Amino acid sequence: MRKSQISASMMCSNLVDLQATIDVFEKEKVEYLHIDVMDGEFVPNFGLGVDYIRGLRELTSIPLDLHLMIKDPEYKLPWIGIYKEDIVTIHYESTFQVQRALDYLMPYGCKRFLAINPATPIGQIEEVLDYIDGVNLMVNPGFAGQKIVPSTLRKAEKLQKFLQEMHREDIILEVDGNITKEHGATLRSFGASIFVAGTSSIFCTDVSHFGEKIREFRKAVE
Ligand code: DX5
Ligand code: ZN
């Protein structure tokens, strides 16, 4: 089984402690910074934009896990500043041109992930398996602090079986939204290996305890 990795959800961090937060993440070797880019159209929320991403790149070289909760992402990729070490996730539901959007990501050399919302059936991704490196199973996107949709846990099990049937166990499973230690452990048993850590795990306390929370979470999902 692939080693577990933490993708710390930066929409949950506050700007006052940003440098201190990043110092802890670097010390604890957090593998990704999860960036929720939100346009107020695909999701009812505005989120971290291109200036935030540019500024973050000045502060750290931790790769970004760019979660594009934006409509028609295929036309907006050049705006973002994508590095080859990054993960870029587009939503199946955000464009009529899913395959084209994934194709447009290819030249960046980044990992290409497809996110599906709770109501989107697993089978919808079958025709684009050749164009993805990972799947992001979502709680309802757009906000921190939401409660997991219970069916998402069963959905991870279905996805694991589906990928085995399709002989694509190489596809990485990322889980995003209300990933508590308990939910993380359950999802780990269904093959998840990247865990978006937000208010449900790391950011439930202040920066002075982030290190301890990261180590506790890692233990829960190892
Ligand atoms: C989904 C966001 C949230 C957040 C995770 O749009 O990605 O899932 O970062 O944080 P919590 O743990 O509060 O759901
Ligand atoms: Zn996200």
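Data block above holds the structure.
Along every chain, residues carry numbers that run from 1 in the direction the sequence is written. Starting at A for chains and at 1 for ligands, labels are handed out in the order in which the entities are written. The predicted origin of the model limits local features to residues at a pLDDT of at least 70 and limits the giving and counting of side-chain atom pairs to 80 or more, whereas totals for whole chains, interfaces and linings rest on all residues. Excluded from the side-chain calculations are hydrogens and water; all other atoms, namely the structure's heavy atoms, are used.

Enquirer: In this structure, what is going on with the overall build of the protein? I would like to understand it.
Expert: Each helix is a run of H or I in the DSSP string that is no shorter than four residues. Each strand is a run of E no shorter than two, and both are numbered from the N terminus. When you go through the protein residue by residue, the secondary structure sums to 7 helices and 8 strands. On C-alpha atoms alone, the protein measures out to a radius of gyration of 16 Å, which is about the 17 Å that the 2.2 N^0.38 rule sets for 222 residues. Within the protein, the proportion of its 222 residues that are buried is 54%. Residue contacts follow a heavy-atom distance rule, with two residues in contact if any of their heavy atoms lie within 4.5 Å. Contacts spanning at least 24 positions in sequence make up 65% of the contacts within the protein whose residues lie at least 6 apart. Between the two quantities, the radius of gyration covers C-alpha atoms and the globule rule is 2.2 Å times the number of residues to the power 0.38. Partly exposed residues are those whose accessible area sits between 20% and 50% of the maximum for their type, while under 20% is buried and over 50% is exposed, using a 1.4 Å probe and protein chains only.

Enquirer: How should the coordination of the zinc ion (ligand 2) be read in this particular structure?
Expert: The textbook angles at a metal center are 109.5 degrees for a tetrahedron of four donors and 90 or 180 degrees for an octahedron of six. The donor set covers N, O and S atoms within 2.8 Å of the metal, switching to 3.2 Å for Na, K and Ca, and it leaves out water, so a site may look short of donors. Taken together, His-34 (NE2), Asp-36 (OD), His-67 (ND1) and Asp-176 (OD) make up the protein donors of the zinc ion (ligand 2), found 2.1 to 2.2 Å from the metal. Written as a sequence motif, the donor residues of the zinc ion (ligand 2) are H-x1-D-x30-H-x108-D. Of this pair, His-34 sits in strand S2 (residues 32–38) while Asp-176 sits in strand S7 (residues 172–176), and the two are 142 residues apart along the sequence. Taken as a pair, His-34 and Asp-176 share a single burial class, namely buried.

Enquirer: What's the story with the layout of surface pockets in this structure? I'm lost.
Expert: If you roll a probe as big as a water molecule over the atoms, it shows you where there is empty space left. In the cavity and pocket records, a cavity denotes points on a 1 Å grid over the protein atoms alone where a 1.4 Å probe fits but cannot get out, a pocket denotes an open set with protein on both sides within 12 Å along at least 5 of 7 lines, and lining residues are residues with an atom within 4 Å of a point. Grid points are joined across faces, edges and corners, and a volume is the space filled by probe spheres set on the points. Taken as a whole, the largest pocket holds about 190 Å³ of empty space. Taken together, Met-1, Arg-2, Gln-160, Leu-163, Gln-164, Glu-169, Ile-171, Leu-173, Phe-190 and Gly-191 make up the full set of residues lining the largest pocket. In this classification, Asp, Glu, Lys and Arg are treated as charged, Ala, Val, Leu, Ile, Met, Phe, Trp, Tyr, Cys and Pro as nonpolar, and every other residue, Gly included, as polar. Taken together, the residues that form the lining of the largest pocket break down as 5 nonpolar, 3 polar and 2 charged. As a volume, the second largest pocket reaches approximately 160 Å³. Together, Val-37, Met-38, Asp-39, Gly-47, Leu-48, Gly-49, Val-50, Ile-53, Ile-70, Lys-76, Trp-79 and Ile-80 line the second largest pocket. Within the residue set of the lining of the second largest pocket, elements represented by two or more residues are S2, helix H2 (50–59) and helix H3 (77–80).

Enquirer: Teacher, can you tell me more about the site of ligand 1 here?
Expert: Any residue with at least one heavy atom within 4 Å of a molecule or strand is counted as near it. Close to ligand 1 lie 19 residues, the nearest being Ser-9, Gly-145, Asn-178, Thr-199 and Ser-200. Take Thr-199: an N or O atom from its side chain is 2.4 Å from an oxygen atom of ligand 1. A breakdown of the residues in the shell around ligand 1 according to their chemical character gives 8 nonpolar, 9 polar and 2 charged. The term polar contact refers here to a pair of N or O atoms within 3.5 Å; inside protein, the definition further demands a hydrogen-donor-capable atom paired with an acceptor-capable atom, and it admits residues adjacent in sequence only when both atoms are side-chain atoms.

Enquirer: Explain empty space enclosed by the protein here, please?
Expert: A full pass over the atoms with the stated rule returns 1 cavity of 30 Å³ or more. Space inside the largest cavity adds up to approximately 200 Å³. Lining the largest cavity are 23 residues, with Phe-143, Ala-144, Asp-176, Gly-177 and Asn-178 sitting closest to its centre. The residue inventory of the lining of the largest cavity, partitioned by class, reads 10 nonpolar, 11 polar and 2 charged.

Enquirer: Where do I start with the packing of aromatic side chains in this structure?
Expert: The relation between two aromatic rings is expressed through the spacing of the ring centres and the mutual angle of the planes. Any two of the Phe, Tyr and Trp rings considered here, Trp counted by its six-membered ring, make a pair once their centres fall within 6.5 Å; the pair's planes then place it as stacked at under 30 degrees, edge-to-face at over 60, or tilted in between. For the coordinates displayed, the defined rule picks out 4 aromatic pairs. With centroids separated by 6.1 Å and ring planes inclined at 80 degrees, the aromatic side chains of Phe-25 and Phe-203 adopt a geometry described as edge-to-face. Placement of Phe-25 in helix H1 (residues 18–27) and of Phe-203 in the loop between strand S8 (194–197) and helix H7 (210–221) is noted, with a sequence separation of 178 residues between them. Using a relative accessible area of 10% as the deciding quantity, one classes Phe-203 as buried. On the numbers, 5.0 Å between centres and 75 degrees between planes, the contact of Phe-203 with Phe-210 is edge-to-face.

Enquirer: Would you explain the nonpolar core in this entry?
Expert: Inside soluble globular proteins, nonpolar side chains tend to come together where they are buried. In plain words, nonpolar cores are sets of buried Ala, Val, Leu, Ile, Met, Phe, Trp, Tyr and Cys residues tied together by side-chain atoms within 4.5 Å. Judged by nonpolar contacts, the single largest core of 60 residues is most densely connected at Phe-25 and Ile-35. The contacts of Phe-25, once residues within four sequence positions are left out, are Ala-8, Met-10, Val-30, Leu-33, Ile-62, Ile-202, Phe-203, Phe-210 and Ile-214. Tyr-32, Ile-87, Ile-172 and Ile-194 belong to the second largest nonpolar core, which has 5 residues in total.

Enquirer: Please explain helix H5 (residues 151–165) as it appears in this structure.
Expert: An α-helix turns once per 3.6 residues; consequently, residues spaced three or four apart project the same way. With 15 residues, H5 ought to run about 21 Å at 1.5 Å a step, and its terminal C-alpha atoms sit 21 Å apart, in line with that. Burial in H5 covers these residues: Thr-152, Lys-155, Ala-156, Leu-159, Phe-162 and Leu-163. Along H5, the residues classed as buried sweep out an arc of 125 degrees about the axis, all on the same side. Exposed residues lying more than 90 degrees from the buried face of H5 are Arg-154, Lys-158 and Glu-165. Packing partners of the buried residues in H5 comprise strand S5 (111–116), strand S6 (134–138), S7 and helix H6 (181–189). A helix's residues, less one, multiplied by 1.5 Å, set its expected span. Along the arc lie the directions from the helix axis toward the C-beta atoms.

Functional significance is not addressed by these values, which are geometric in nature.
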